[in-house]
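# Summary of structural features
Residues per chain are reported as follows:
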Amino acid sequence: MKIRDYFSNDFETGEDHYLPSLKTRYYRCRIEDVKAAILRFVEEEKGAVKAIMDEHHEIFFVTPNYSSTITYINTRIGEAAIDIKITTYRLIPWGAGKKTIERMYKYFDAHLPFKGVSLYRGS
């Protein structure tokens, strides 16, 4: 992690992210299963869903500690990808956003059939 990451409240995953734990994750399942897993996660976090944008495959929710937008897309038949953007509510976060994203991905890895990380980088 870079020094500025310890003081940043905003984190976002991506296909070419420089931190391995913040790269896009892929799962072998239908997009409906991914959406259901995301909604279960929000419920377990005691969060409130503020918007579900089915046309963009995004779910925006807030919890007492952070707000997040999770984007889920079908990359191929029977394959879905999840990307996360998070904003924490801390004065000095010490990388809390990164830790929260890692916890989210751990949850999705346990509840969805994991396929891989950053599978289509550079294509």
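The preceding data block contains the structure.
Notes on the structure in this doc start here. (Residues numbered from 1 in each chain as written. Predicted model: local features only at pLDDT ≥ 70, side-chain atom pairs only at ≥ 80, totals over all residues. Heavy atoms only, no water.)

Turning our attention to the overall build of the protein. Of the regular secondary structure elements, the protein holds two helices and seven strands. Put simply, the protein runs from its N terminus to its C terminus through helices and strands in the order β-β-α-β-β-β-β-α-β. In terms of principal-axis extent, the alpha carbons of the protein reach across some 40 × 35 × 25 Å. The buried share of the protein, reckoned over its 123 residues, is 40%. Counting only contacts in the protein whose residues sit at least 6 apart along the sequence, the fraction spanning at least 24 positions is 57%. (Helix = DSSP H or I, 4+ residues; strand = E, 2+ residues; numbered from the N terminus. Buried < 20%, exposed > 50% of the residue type's maximum accessible area, 1.4 Å probe, protein only. Contact = heavy atoms within 4.5 Å.)

Phi at W94 takes a positive value of approximately 50 degrees, unusual for a residue other than glycine. Structurally, W94 can be placed in the loop between strand 6 (79-88) and helix 2 (96-111). The class of W94 is partly exposed, set by a relative accessible area of 49%. At S118, a residue that is not glycine, the phi angle is positive and equals roughly 50 degrees.

Here the structure, examined in full by the defined rule, presents seven salt bridges. Between D33 and R30 there is a salt bridge, with the nearest N and O atoms lying 3.4 Å from each other. A salt bridge links K115 to E79; its shortest N-O distance comes to 2.2 Å. Placement of the pair is K115 in strand 7 (residues 114-117) and E79 in strand 6, with a sequence separation of 36 residues. Taking relative accessible area as the criterion, K115 reaches 31% and is therefore assigned partly exposed. One salt-bridge network, in which partners are shared between bridges, spans R30, E32 and D33. (Salt bridge = Lys/Arg side-chain N within 4 Å of Asp/Glu carboxyl O.)

With that settled, consider the packing of helix 1 (residues 31-44) against helix 2. The interhelical angle for the contact between helix 1 and helix 2, taken along N-to-C directions, is 125 degrees, at an axis separation of 11 Å. Here helix 2 runs oblique to helix 1, going by the angle between their axes. Pair helix 1 / helix 2 crosses with right-handed handedness. Contacts from A37, I38, R40, F41 and E44 in helix 1 reach R103, M104, Y107, F108 and H111 in helix 2. Here the contact of helix 1 with helix 2 is built from residues that sort into six nonpolar, one polar and three charged. (Axes fitted to C-alpha atoms, helices over the stretch in contact; angles between N-to-C directions. Parallel < 35°, antiparallel > 145°, perpendicular 65-115°, else oblique. Left-handed = near helix turned anticlockwise from the far one by under 90°. Nonpolar A, V, L, I, M, F, W, Y, C, P; charged D, E, K, R; others polar.)

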